[in-house]
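Next come the chains, spelled out residue by residue.
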Amino acid sequence: MSFTAFIDRVDGRKRTLSLYNVDVPKERIDGIEAFFRPQQVQLRRSSTDDGCPRNFAVLHENGEFIAASGIEELAVALDFEKGIYGSETVADVEYTEILRHVDNTTFSGYDKRRMIIASREIEMQAWNAGRGQLHVGFQRLPLLSSQDQVYSKLADSAVGVHVYGRPDGVAPEWQGLSVYPSDADEIADSWFVVFDGDGDDERKCAFLGTEVRDDEYTGFWTYDAAIVDELLRYITTTYGGEA
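The structure displayed is predicted, hence computed values, not measured ones.

Turning our eyes to something else, we now look at the nonpolar core. Within the largest apolar cluster, 50 residues are counted, with the highest numbers of intra-cluster contacts made by L17, F36, L134 and Y151. Ranked by residues supplied to this core, first place goes to helix α5 (residues 112-129) with 7 residues. Ignoring any residue separated from it by four or fewer positions in sequence, one finds L134 in contact with I122, A126, Y151, L154, V159, G160, V161, H162, V193, V194 and F195. One finds F192, A206, V228 and Y234 within the second-largest nonpolar core, a separate group that totals 18 residues.

A separate point is the sheet that holds strand β3 (residues 56-61). An order of β2-β1-β3-β4 is seen for the 4 strands of this open sheet, with the pairing classed as mixed. Bordering the open sheet on either side are β2 (41-46) and β4 (64-70), each of which pairs with just one other strand. Pairwise comparison of adjacent strand axes, ignoring direction, gives a mean angle of 25° for this sheet. The sheet strands contacting helix α2 (residues 26-36) are β1 (15-20) and β2, and the helix crosses β2 at an angle near 155°. Each of β1, β3 and β4 is contacted by helix α3 (residues 71-78), which is oriented at about 75° to β4, the strand it contacts most.

At a minimum axis distance of 9 Å, the contact between α2 and α3 shows a crossing angle of 65°. The two elements α2 and α3 cross, and the hand of that crossing is left-handed. Between α2 and α3, the contacting residues are R28, I29, I32, F35 and F36 on the first element and I71, E72, L74, A75, V76 and L78 on the second. Of the residues that constitute the contact of α2 with α3, the class distribution is 9 nonpolar, no polar and 2 charged.

Moving on, we come to the pairing of β4. Bridge count between β3 and β4: 6 bridges; the pairing is antiparallel. Residue pairing for β4: L59 is matched across the bridge by A67. Connecting β3 to the antiparallel partner β4 that follows it, the hairpin turn spans 2 residues, and N62 within it adopts a positive phi of roughly 50°.

Of note, S190 is situated in strand β9 (residues 190-195). For S190, a relative accessible area of 1% translates into the label buried. A distance of 2.7 Å separates a polar atom in the side chain of S190 from the backbone oxygen of E186. Excluding its chain neighbours within four sequence positions, the residues that come into contact with S190 are F3, G137, Q139, L208, G209 and T210.

Looking now at helix α8 (residues 225-239). Relative to the 21 Å expected for 15 residues at 1.5 Å per residue, α8 spans 21 Å between its end C-alpha atoms, a close match to the ideal helical length. Of all the residues in α8, the buried ones are A225, V228, L231, L232, Y234, I235, T236 and Y239. The distance from a side-chain oxygen at the start of α8 to the backbone nitrogen of A226 is 3.0 Å, and the residue carrying that oxygen is D224. Where α8 terminates, the next one or two residues include G240, which has phi positive at roughly 90°.

Per the stated rule, a full pass over the model turns up 9 salt bridges. Here K26 makes a salt bridge to D30, at a shortest N to O gap of 2.9 Å. Of this pair, K26 and D30 both sit in helix α2, 4 residues apart, which is roughly one turn of the helix. R28 is paired through a salt bridge with E72; the nearest N and O atoms lie 2.8 Å apart. Of the two residues, R28 is situated in helix α2 and E72 in helix α3; the sequence distance between them amounts to 44 residues. For E72, a relative accessible area of 36% puts it in the partly exposed group.

So, how was this worked out
Residues numbered from 1 in each chain as written. Predicted model: local features only at pLDDT ≥ 70, side-chain atom pairs only at ≥ 80, totals over all residues. Heavy atoms only, no water. Core = buried A, V, L, I, M, F, W, Y, C linked by side-chain atoms within 4.5 Å. Buried < 20%, exposed > 50% of the residue type's maximum accessible area, 1.4 Å probe, protein only. Helix = DSSP H or I, 4+ residues; strand = E, 2+ residues; numbered from the N terminus. Contact = heavy atoms within 4.5 Å. Pairing = 2+ DSSP bridges. Axes fitted to C-alpha atoms, helices over the stretch in contact; angles between N-to-C directions. Left-handed = near helix turned anticlockwise from the far one by under 90°. Nonpolar A, V, L, I, M, F, W, Y, C, P; charged D, E, K, R; others polar. Polar contact = N/O pair within 3.5 Å; in protein donor to acceptor, adjacent residues only side chain to side chain. Expected span 1.5 Å × (residues − 1). Salt bridge = Lys/Arg side-chain N within 4 Å of Asp/Glu carboxyl O.

Listed below in structure tokens is the structure:
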């Protein structure tokens, strides 16, 4: 087994995001399209007969409604400067309903900023649970310092935080943080965030990406408890973290 094998096994759900009665600035729509383009989420413009309500988005699959939110709300969440990416602590993250339901989704061509946005959902699940075990691969351990506002808070909570990466420098020494250095190539090439839900299948979630080129990742995220459990077993068995 390997991280690449997990990615190959996950079939992305083909979903559609319909944007209704749009009259927001073009850059708002460009930001939404840029985020969803690498995923198996098809975007389309639509309108209602009376043109109301304005500027709302609906996520659906095979004609079945999944989630909805305002286009402005979704665009702000995905804004690289003001949204999820720029949140200083995980407690500040406001994930829209649409982003919560893009699960079992494969992606390609993600850069580091998009990886952080996707990772925030898993981190937020652990923060809101306030317990359980969070396993995180940072490629290189010193990179954890760049996310200190998030992970120092998580490590200081009742959540067990387990961090994996190549020991290319000094990792932070926060209380409550367990560090597992590894020189394995796939650790250096992979970015993952896995939350065990504190044993609750409804809370289990995972995000995994492998760097295929410089600052370009392919992977998936999922709320499938069986996939999360299997991925967690692989990580802890192979790299020594406590399940």
